[in-house]
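# Overview (structure and organization)
Spelled out, the chains give:
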Amino acid sequence: MCYWKRTLLAALLVLAVAAPAFSGAQAPPTRTETLLLEGEPETWEATEYREEGLFSLWFDARHFGAVRTEEGVRFELLDNALDGPVSFSVESADGLRRENGDILDDVRVGYRAEGWETIAAEASDPVPGFHFEQDPVAGFAAMKGGQTARVFLAEAASGAWLVTLRCPAEAAEGWGARMEHMLGSLRPLPGE
């Protein structure tokens, strides 16, 4: 990424973090998290992200930026020097519902149509600590050109959520583990 883009991104990040203080709005809560990365504990400050009445999660705001999407939110690695995207998204799957249709199978078919190799839901390992309101959470893994994606369908009273973790295979033990930690903090917020 060129110098001026990094500078602009850093300035926007500072403004986004400082904006609540200037506007009188309350800054989101933070807490200290510890994660084992390659056998070593790493401590960092997590920031809460909330979609009122829908879901909440804790993320590393120093490294990830929240980007609103049409159906939810995507957390993108801010200073990505890798060969592919690093992102964690939570998007509503309610629009994907069809009578007698399987949302996860439809999503898997979409990945295959784009050239991804997928591993059946039974073979993909779930993320420890991620249970949402149903147990076990259904999901699959996909690989394409050095990229990996893990896709989960989480259903709760607040709706059905398609959760996707995506990164280059080389980053699975680093950024992938951080995103799995974020996934483990995902909680439904029904009826708020």
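Residues numbered from 1 in each chain as written. Predicted model: local features only at pLDDT ≥ 70, side-chain atom pairs only at ≥ 80, totals over all residues. Heavy atoms only, no water.

### Notes on the overall build of the protein chain
The condition that has to hold: What counts as a helix is a DSSP run of H or I of at least four residues, what counts as a strand is a run of E of at least two, and both are numbered from the N terminus. Relative accessibility under 20% of the residue-type maximum defines a buried residue, over 50% an exposed one, and the middle range a partly exposed one, all with a 1.4 Å probe and only protein chains included. Residue contacts are defined here by distance: any two heavy atoms, one from each residue, within 4.5 Å place the two residues in contact. Per-residue and other accessible areas follow the Shrake-Rupley method at a 1.4 Å probe size, with only the shown protein chains counted as cover for residues.
Secondary structure summary: the protein chain contains 3 helices and 11 strands in total. Reading the helices (α) and strands (β) of the protein chain from amino to carboxyl end gives α-β-β-β-β-β-β-α-β-β-β-β-α-β. Burial status across the protein chain gives 42% buried among its 192 residues. Excluding contacts between residues fewer than 6 apart, the proportion of contacts in the protein chain whose partners are at least 24 apart in sequence is 50%. For the protein chain, the accessible surface area stands at approximately 10800 Å², while carbon and sulfur atoms represent 54% of it.

### Notes on the nonpolar core
Basically, it comes down to this: Nonpolar core, defined: a set of buried Ala, Val, Leu, Ile, Met, Phe, Trp, Tyr and Cys residues in which side-chain atoms within 4.5 Å join the residues together.
Core analysis: the largest hydrophobic core is formed by 24 residues, its most contacted members being Leu-57, Phe-64, Phe-75, Phe-88 and Val-90. Listing elements by their share of this core, those giving two or more residues are strand 3 (55-59), strand 5 (72-77), strand 6 (87-92), strand 9 (147-156), strand 10 (159-168) and helix 3 (175-184). Beyond its immediate sequence surroundings of up to four residues, Phe-64 is in contact with Phe-59, Phe-75, Glu-76, Leu-77, Leu-78, Val-86, Trp-175, Met-179 and Met-182. Among the nonpolar cores identified, the runner-up in size contains 13 residues, and Ile-103, Trp-116, Val-151 and Leu-162 belong to it.

### Quick word on helix 3
Counting buried positions over the 10 residues of helix 3 gives 8, a clear majority of the element. Among all positions of helix 3, only Trp-175, Gly-176, Ala-177, Arg-178, Met-179, Met-182, Leu-183 and Gly-184 are buried.

### Points about helix 2 (residues 103-113)
For the α-helix, the turn length of 3.6 residues means that residues three or four positions removed from each other point alike. The condition that has to hold: The directions considered for the arc are those from the helix axis to the C-beta atoms. Any pair of N or O atoms that falls within 3.5 Å is considered a polar contact. Within protein, one atom must be able to donate a hydrogen and the other to accept it, and sequence-neighbouring residues count only if both atoms are side-chain atoms.
Every buried residue of helix 2 is listed here: Ile-103, Leu-104, Val-107, Arg-108 and Tyr-111. Viewed end-on, helix 2 has its buried residues packed into an arc of 135°, placing them on one side of the element. Exposed side chains of helix 2 directed beyond 90 degrees from the buried face belong to Val-109 and Ala-113. Elements in contact with the buried residues of helix 2: strand 7 (117-119), strand 8 (138-144), strand 9 and strand 10. The N-cap of helix 2, judged by a side-chain oxygen 3.0 Å from the amide nitrogen of Leu-104 a few residues on, is Asp-102. In the segment just after helix 2, Gly-115 is the residue with positive phi, at about 90°.

### Regarding the environment of Trp-175
Here Trp-175 lies in helix 3. The spatial distance from the C-alpha of Trp-175 to the C-alpha of Ser-87 is 9.0 Å, given a sequence separation of 88 residues. Non-local contacts of Trp-175, meaning those with residues more than four positions away in its chain, are made with His-63, Phe-64, Leu-77, Leu-82 and Val-86.

### Some details on the confidence of the model for the protein chain
Here is the rule: For every residue, the predictor reports its confidence as pLDDT, a number between 0 and 100.
Across the protein chain, the average pLDDT comes to 80, with 75% of residues at 70 or higher. This model gives residues 2-15 a pLDDT under 50, and the stretch forms 6 contacts once residues within four places in sequence are excluded. Low pLDDT (under 50) marks residues 17-22, which in the prediction has 3 contacts with non-local residues, meaning those over four places away or in another chain.

### Remarks on the pairing of strand 6
Short version of the rule: Here a strand pair is declared whenever DSSP counts at least two bridges between the two strands.
In terms of burial, strand 6 is a largely internal element, 5 of the 6 residues being buried. Taken together, the 5 bridges between strand 5 and strand 6 define a ladder with antiparallel strand orientation. Along strand 6, the bridge assignment pairs Val-73 with Val-90. The sheet contact formed by strand 6 and strand 10 spans 6 bridges and is antiparallel. Of the residues in strand 10, the one forming a bridge with Ser-92 is Trp-161.

### Structural notes on the environment of Gly-65
In this structure, Gly-65 sits in strand 4 (residues 64-68). The class for Gly-65 is buried, based on a relative accessible area of 15%. A sequence separation of 12 residues divides Gly-65 from Leu-77, and the C-alpha atoms of the two residues are 6.6 Å apart. Those residues within four positions of Gly-65 in sequence are excluded, and the remaining contacts are Arg-74, Phe-75, Glu-76 and Leu-78.

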